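Residue-level listing of the chains:
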Amino acid sequence: MATIKPIEGRSVHQIQSGQVIVDLISVCKELVENSVDAGATSIEVRFKKNGLDSIEVQDNGSGIAPDDYETIALKHYTSKLSTYDDLSSLQTFGFRGEALSSLCALSKFHIITARASDGARGTRLEFEQSGKLKSTSVVAAKQGTTVVVETLFHNLPVRRKELEKNAKREYSKVLEMLQAYACISTGVKFSVSNQVPKGKKMVAFATNSNPNTRENLANVFGAKALLTLIPLSLEFEMDPSNRPGSTQSVRNWGTQEEGSHTVKIVGHISRPVVGEGRGLPDRQMFFVNSRPCNLPQVRKAFNEVYKSYNISQSPFVFADIKLDTNAYDVNVSPDKRTIMLHDQAALLESLRDALAELFEGHDQSVPQAQLL
Ligand code: ADP
Ligand code: MG
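Source: prediction; values computed, not measured. (Residues numbered from 1 in each chain as written. Chains lettered and ligands numbered in written order. Predicted model: local features only at pLDDT ≥ 70, side-chain atom pairs only at ≥ 80, totals over all residues.)

> Give a description of the sheet that holds strand 13 (residues 317-322) that names residues and reports values.
Either a parallel or an antiparallel arrangement is found when strands of a sheet pair, and the pairing is made through backbone hydrogen bonds. The strand order across the open sheet formed by five strands is 9-10-13-11-12, and the pairing between neighbours is mixed. Each having just a single partner strand, strand 9 (229-238) and strand 12 (291-292) make up the two edges of the open sheet. Two elements, strand 11 (residues 284-288) and strand 12, share two bridges in a ladder whose sense is antiparallel. Within the sheet, the bridge partner assigned to Phe287 lies in strand 12 and is Pro292. (Pairing = 2+ DSSP bridges. Helix = DSSP H or I, 4+ residues; strand = E, 2+ residues; numbered from the N terminus.)

So, in structure tokens, the structure goes:
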């Protein structure tokens, strides 16, 4: 008798969902990204018991059209991408249509949504674990969407236990991640709160609809913290054809077939001054075209160059790398936190030079000789 059999559909769904939604961070990241993609200018994230009881993300974005109710939580249904080719010009955070379907499989989940044309009438959507729409009912709601995730991992006992054990640590990592989204999102009013049992609802942090990231940083980390920062504004050309061993065909840097590509890195970084208290948490936030992501090699380059000016500290960094959408790949890991930069080595080399130049030119930087 054959021993190899296909896995039952429901189990496949659960296995795959567990790769998209791995922890509390992935839940919040996916929901906040959906709100930004929906054009929201106000995003409120509410936790109960550090997220163990529930996570709610409420936005004032476009809302969901009734025609989409049936499919919104089905796997690989998305309004953002229809063919693989579209990936290279992607402007949205989401594109795989996996988040809501995964949340249906791993939590008690519902949505309340209303569009501008719906007046004060909203619709509450309930789903089956498979993502199939179970029921709809009319409720009072303002324009936008509220997604409610209760008892995350209730059906994965090992993960649930792990989450309960590490709830406080997970929650503080979630706050860091949300701070990155709040700081990069200009023109968006962001607020995050947590309610612990028998306690009051505590606002963790909030931003106003600021026109720039500097004011967002001031809202999140306090205005005083800004005194230790200088603007980060680097620009350099990437010229793939000049590099030894490179051929244009494997280095696909966007639409210009030949010639160079401009890379810009904008944001804020600690002044390279020895002994200056940062007044800021030890935080380094990296973005590619405003998408928060893990960039360990870029982080390393920032730290190493900074350390040659200030041995005693590592810098606070808030850096958004502006790249051609063809110059990186976001589809590397199921949670989209890892980004693959094409021609990373060349980018890092130029980055190091440009950073050194920035610190060199900074009048308060301490000359190398004094450090020896
Ligand atoms: P993806 O973001 O990759 O498309 P999701 O599962 O996160 O996949 O969401 C599925 C679809 O549901 C989205 O493509 C979008 O059309 C809709 N959607 C999700 N969240 C919101 C929201 N907050 N406001 C409006 N539409 C939303
Ligand atoms: Mg999404």
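> Pulling in residues and values, what's your account of the sheet that holds strand 2 (residues 54-59)?
Here we have eight strands laid out as an open sheet, ordered 5-4-3-6-2-1-7-8, and mixed in their pairing. Each end of this open sheet is capped by a strand with a single partner; those strands are strand 5 (133-140) and strand 8 (201-207). Sheet twist, expressed as the mean angle between neighbouring strand axes with direction ignored, is 15°. As judged from the six bridges shared by strand 2 and strand 6 (residues 144-150), these two strands associate in the antiparallel manner. Across the sheet, Val57 pairs through a bridge with Val147, a residue of strand 6. On top of the sheet, helix 5 (residues 167-184) reaches strand 1 (42-48), strand 7 (189-195) and strand 8; it is set at about 30° to strand 8, its chief contact. (Axes fitted to C-alpha atoms, helices over the stretch in contact; angles between N-to-C directions. Contact = placed C-beta atoms within 7 Å.)

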